[in-house]
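# Summary of the model geometry
Listed below, chain by chain, are the residues.
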Amino acid sequence: PCIRANMTAAKVDGKYGRGSYSGLETVLQSIISGVKLFLLPFLDVGEAVLACSPVDDDSSVDFILKSIWAPVSTVLLTKYQGMFSIGIPSVLSSCYNTIERFLISLQELVSEEWREAVGRRLRNHSSVREFQSKWKLDIYFQLRCNELMSRLEKGCYISVKHGLTSATAASSLGAMYLNKQDDKDTASSATKKAVAGGESAAVQYLNTHLPNSVTISVTECDRIKSQLMSDCDGVEFQCPLFTVVAMEMMICIHKDVLLPPLGSKFVAFVLRMLLRTEAQLAAMCNVPTPSFTKLGIDQLKHATLQSLNKTAASVIGVLNANTPMKSSAAVDSTTTSVEKDLNAVPANPAVVSTLTSIPTIQTADEYVLIIQDLLLLENWITTKYQICLTEELLSIHSKNSDLDVENSLNSIADIKNAMSNCFATNRFNLRATTVTLWLKMTQIIMTECKRGLVSAVKAIAGKFRMTNKPPPDTASAFIEPIFNPLKKLLNSHGKVVNAFQSAFSLTHCQAANEKDFASTAANWQTTIVEDVTSHYLEQAKALMETVKQMDSALMRRSKIRPNAASSSTTGTASNNLSDSEKIYLQVTLDIDAYGREVEQLGVDSSLLKELRELKNDIATQMAAAHQN
């Protein structure tokens with residue numbers, strides 16, 4: 001009678017109106033307070049009696065289960081069935097967590113010596129299990145996935161439309177996590193009407209939760225942003241898409257989102273979001289789409305199923321991307337076979353955009369910003385997020401495990417191992433993408449360094465042939481700026497360069513599949529200089545060959561018309577050098593200046609071996625030209 005009197009509709013619904021269940025926490029805690037006030041001694045006596053009972057059957061005296069839990073659960077099941085399947089996920093989450101806290105409060109009513117026994121009974125009793133089975137967690141998970149993925153899909157769309165690093169994209173995507181109501185009309189009318197008997201709770205919910213998404217409160221969103229900034233040591237992501245995926249990953253494990261029975265499902269969905277982001281990035285940067293292996297998820301499902309996901313029929317069905325993902329990001333929840341789910345994970349997730357074309361990254365600066373974010377994202381996942389997520393799963397395990405001590409320890413080790421394998425594959429994907437983008441950035445730097453070299457070297461011949469100009473005494477003007485693109489990169493993004501080389505040093509690339517990463521990080525400047533030097537050497541040799549051919553032609557003309565060729569083969573009295581000698585001298589000065597530029601970059605001077613050989617050849621040709 002006391003419980004029925006307290007659990008009226010008005011009290012359970014609370015201040016937000018019918019169907020909001022905003023007063024459920026207060027009602028249940030008031031019941032706990034009443035028990036504490038009058039019945040605590042009887043509870044300990046009852047536990048002592050139970051400890052002496054040979055069998056825990058229906059005839060046993062169990063105050064907590066029969067006098068408190070049974071009437072409370074009966075009232076909830078008969079009068080408030082709507083809370084088990086309400087269409088607003090945050091309301092269902094709030095109700096679920098309220099019941100969980102109530103069960104913990106029941107356990108804490110007795111003295112310390114009886115709490116473990118009470119907790120075991122509460123988790124294993126058929127009435128509690130039957131009650132827990134009423135929650136429509138499949139619907140809840142689908143709704144949550146819709147919310148999370150809809151924001152990520154919007155992030156992908158805006159990034160495609162405005163560019164990965166554009167200020168417009170940052171402004172548009174940042175608004176999703178601000179206290180604005182501009183996008184609340186995007187919430188479906190069906191969601192607004194999901195509250196039984198009225199819309200007041202839904203309207204209140206929309207006004208106090210994230211716009212465009214309806215997942216967590218704006219206050220909690222601000223806290224997550226602050227935590228993310230702190231985890232990244234105050235460094236912000238330059239690409240708003242990475243901010244979006246990091247925020248959604250944090251929201252995934254928020255206490256109001258991650259329900260204990262769905263632990264491994266949300267882990268799978270986190271990986272799905274990461275793969276979606278990597279696939280979008282790969283499309284925009286025109287690099288191979290990252291691969292995915294199922295080892296970690298497989299372990300997470302089979303090794304820790306008993307403690308993590310007793311009510312979930314499938315762990316990784318949400319990773320099924322055989323069909324293009326719609327903007328609504330509907331999640332297929334019909335798969336019930338674990339084996340079928342495992343086989344359904346594609347090697348490459350689908351990349352979908354409603355735009356007809358996907359613009360690609362064009363400049364080295366853009367690549368550097370993306371690489372900086374990838375390094376930051378990988379470090380955050382490895383050092384912060386993965387640990388946080390593992391702790392959440394371990395917390396779920398500790399609260400829900402019915403195993404003995406030895407098996408419990410094994411299960412904890414399984415969770416850590418499974419999480420490590422899950423993110424190891426993702427970490428490799430991120431690192432592989434980072435190196436690939438670095439190579440593409442390197443290719444852009446090479447192209448910029450070589451731009452104009454062909455015409456500049458060819459112009460040397462025209463500068464001195466039949467112009468009667470004095471012999472050169474300085475290098476050509478085009479030599480000094482050759483490596484300006486590389487110097488600009490080192491000066492403007494030195495921290496990113498150092499971070500890249502540190503992240504991919506031999507110390508951090510011990511795995512066999514990462515040895516090439518270390519080579520790339522150690523030799524990228526050398527690769528640029530080698531390529532540019534080879535190109536310059538090719539042009540210089542072509543010029544020398546042209547000069548030789550011209551000298552041969554002039555020599556033939558001089559035999560026929562001795563005076564006709566004199567002006568082009570010999571210099572004036574003041575110059576004392578022929579046109580060809582002036583060209584040879586200019587190329588020699590250029591090679592020396594080029595060598596100094598290379599040495600300033602700190603690159604191995606052995607790369608200049610062929611240039612030095614060319615310089616010696618030029619000296620020989622110059623002497624021959626002078627003799628002629």
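Residue positions are given per chain, counting from 1 as you read along its sequence in written order. Local features are withheld for residues below a pLDDT of 70 in this predicted model, meaning they are given only at 70 or higher, and side-chain atom pairs are given and counted only at 80 or more; totals for whole chains, interfaces and linings count all residues. Heavy atoms throughout the structure, all of them, feed into the side-chain values; hydrogens and water do not.

### Section: the overall build of the protein
Note the cut-off: Strands are runs of DSSP state E lasting at least 2 residues, helices are runs of H or I lasting at least 4, and numbering of each runs from the N terminus. Burial classification: accessible surface area is computed with a 1.4 Å probe over protein chains only, and a residue below 20% of its type maximum counts as buried, one above 50% as exposed, and the rest as partly exposed. Any two residues having at least one pair of non-hydrogen atoms within 4.5 Å are treated as being in contact. Accessible surface is estimated by sampling points in the Shrake-Rupley manner with a 1.4 Å probe; for residues, cover comes only from the protein chains shown.
The number of helices and strands found in the protein is 27 helices and zero strands. Put simply, the protein has 628 residues, and 48% of those count as buried. The contacts in the protein between residues at least 6 apart in sequence include a share of 78% that link residues at least 24 apart. Roughly 28900 Å² of accessible area belongs to the protein as shown, and the carbon and sulfur atoms make up 53% of that amount.

### Some details on the environment of Val91
Topologically, Val91 is positioned in helix H6 (residues 89-107). Along the primary structure Val91 and Asp256 are separated by 165 residues, whereas in three dimensions their C-alpha atoms are 9.4 Å apart. Those residues in contact with Val91 that sit more than four places away from it in its chain are Gly19, Ser20, Tyr21 and Ile86.

### Points about the packing of helix H9 (residues 137-162) against helix H10 (residues 167-174)
The condition is simple: Throughout, an axis means a line fitted to C-alpha atoms (over the contacting stretch in the case of helices), and angles, computed between N-to-C directions, take values from 0 to 180 degrees. Each angle gets one of four labels, with under 35 degrees taken as roughly parallel, over 145 as roughly antiparallel, 65 to 115 as roughly perpendicular, and the rest as oblique. By the definition used in this description, the sense in which the near helix is turned from the far one sets the handedness, with an anticlockwise turn below a right angle giving left-handed and a clockwise turn giving right-handed. Asp, Glu, Lys and Arg are counted as charged, while Ala, Val, Leu, Ile, Met, Phe, Trp, Tyr, Cys and Pro are counted as nonpolar; the rest, among them Gly, fall into the polar class.
With their axes 9 Å apart at the nearest point, H9 and H10 run at an angle of 160° to one another. Comparing the axis directions of H9 and H10 gives the class roughly antiparallel. The interaxial crossing formed by H9 with H10 has right-handed handedness. On H10, the residues touching Lys154, Gly155, Ile158, Ser159 and His162 of H9 are Thr168, Ala169, Ser172 and Leu173. A per-class count over the contact of H9 with H10 returns three nonpolar, five polar and one charged.

### Some points on the packing of aromatic side chains
Heads up, the condition is: Centre distance within 6.5 Å is the pairing criterion for rings of Phe, Tyr and Trp, where only the six-membered ring of Trp is used; planes under 30 degrees apart are then read as stacked, over 60 as edge-to-face, and the remainder as tilted.
Counted according to the given criterion, the structure contains 18 aromatic pairs. The interplanar angle of 85° and the centroid separation of 6.4 Å between the aromatic rings of Tyr21 and Tyr80 together place this pair among those described as edge-to-face. With a gap of 59 residues between them, Tyr21 in the loop between helix H2 (9-13) and helix H3 (24-38) and Tyr80 in the loop between helix H5 (63-79) and H6 connect regions that are remote in the sequence. The same class applies to Tyr21 as to Tyr80, namely buried. Three or more aromatic residues joined by ring pairs make a cluster, and in this case those are Phe428, Trp438, Phe500, Phe504, Phe517 and Trp524.

### Considering the packing of helix H4 (residues 40-52) against helix H7 (residues 112-124)
In the contact formed by H4 and H7, the axes pass within 11 Å of each other and the chain directions differ by 75°. The angle between H4 and H7 falls in the class roughly perpendicular. Along the contact surface, H4 presents Asp44, Glu47, Ala48, Leu50 and Ala51, while H7 presents Trp114, Val118 and Arg121. Residues of the contact of H4 with H7, tallied by class, amount to five nonpolar, no polar and three charged.

### Thoughts on helix H15 (residues 263-285)
Going by this rule: Multiply 1.5 Å by the residue count of a helix minus one, and that product is the helix's expected span.
For H15, spanning 23 residues, the distance from its first C-alpha to its last is 33 Å, which sits close to the expected 33 Å at 1.5 Å a residue. H15 sits mainly inside the fold: 22 of its 23 residues count as buried. Just downstream of H15 lies Asn286, where phi reads positive at about 55°.

### Comments concerning a nonpolar patch on the surface
The condition is simple: To count toward a patch, a residue needs a relative accessible area above 30% and no salt bridge. Like charges then connect within 9 Å, nonpolar side chains (Val, Leu, Ile, Met, Phe, Trp, Tyr) within 5 Å. Here, a salt bridge means any side-chain nitrogen of Lys or Arg that lies within 4 Å of a carboxyl oxygen of Asp or Glu.
Nonpolar side chains collect at one region of the surface, where Leu37, Phe38, Leu39, Phe42, Val45, Val49, Val61 and Phe63 lie side by side and expose about 780 Å² of accessible area between them. Mapped onto the nonpolar patch, the elements with two or more residues apiece are H3 and H4. A total of three residues in the nonpolar patch trace back to one element, the largest contributor, which is H4. Tracing the chain through its elements places Leu39 in the loop between H3 and H4. Judged by relative accessible area, Leu39 falls into the partly exposed class, the value being 37%.

### Here we look at H5
Residues separated by three or four positions in an α-helix point in the same direction, a consequence of the helix having 3.6 residues per turn. Put simply, the test is: One axis is fitted to the seven residues ending at the residue and one to the seven starting there. The bend at that residue is the angle between these axes.
End to end, H5 covers 23 Å across 17 residues, agreeing with the expected 24 Å (1.5 Å per residue, within 8%). A maximum bend of about 40° is found in H5 at Trp69, where proline Pro71 lies one to four positions downstream. Within the sequence span of H5, burial applies to Ile64, Leu65, Ile68, Trp69, Val72, Ser73, Val75 and Leu76. Where the residues of H5 are buried, they touch helix H1 (2-6), H3, H4, H6, H7 and helix H8 (126-132).

### Observations concerning unusual backbone geometry
Even without glycine at this site, Tyr21 takes up a positive phi of about 55°. Of note, Asp233 is a non-glycine position whose phi angle comes to about 60°, a positive value. Here Asp233 lies in the loop between helix H13 (218-231) and helix H14 (240-252). Note on Asp233: relative accessible area 67%, which makes it exposed.

### Quick notes on the confidence of the model for the protein
In plain terms, the rule: For every residue, the pLDDT score states the predictor's confidence, bounded by 0 at the bottom and 100 at the top.
A residue-level look at the protein finds 75% of positions with pLDDT of 70 or above and a mean pLDDT of 75. Under a pLDDT of 50 for its full length, residues 179-213 has, in the predicted model, 71 contacts with residues more than four places off or in other chains.

### Things to note about the environment of Cys388
Mapped onto the fold, Cys388 is located in helix H19 (residues 364-400). Assessed through its relative accessible area of 24%, Cys388 is described here as partly exposed. Measuring from C-alpha to C-alpha, the distance between Cys388 and Ile253 comes to 8.7 Å, with 135 residues separating the pair along the chain.

### Brief notes about the pattern of salt bridges
Inspection of every chain in the model, using the stated rule, returns 17 salt bridges. Put simply, Arg144 and Glu147 hold a salt bridge, and the shortest N to O gap is 3.0 Å. One end of the pair, Arg144, and the other, Glu147, are both in helix H9, three residues apart, so they sit about a helical turn from each other. In this structure Arg144 comes out as buried when scored by relative accessible area, which is 0%. Under the relative-accessibility criterion, Glu147 is labelled buried at 8%. Across the pair Arg427 and Glu378 runs a salt bridge, and its minimum N-O distance is 3.2 Å. With Arg427 in helix H20 (residues 405-450) and Glu378 in helix H19, this pair connects stretches of sequence that are 49 residues apart. Take Arg427: its relative accessible area is 28%, and that puts it in the partly exposed class. Salt bridges sharing common partners tie together Glu47, Asp62 and Arg121.

### Here's the deal with the side chain of Ser476
Heads up, the rule is: Any N or O atom pair separated by 3.5 Å or less is treated as a polar contact, with the protein-specific requirement of one donor-capable and one acceptor-capable atom, and with residues adjacent in sequence counted only for side-chain atom pairs.
In this fold, Ser476 is placed in the loop between helix H21 (453-464) and helix H22 (484-492). A polar contact is formed between the side chain of Ser476 and the side chain of Gln586, at a distance of 3.2 Å. When sequence neighbours within four positions are dropped, the list of residues in contact with Ser476 reads Ile460, Gln586 and Asp590.

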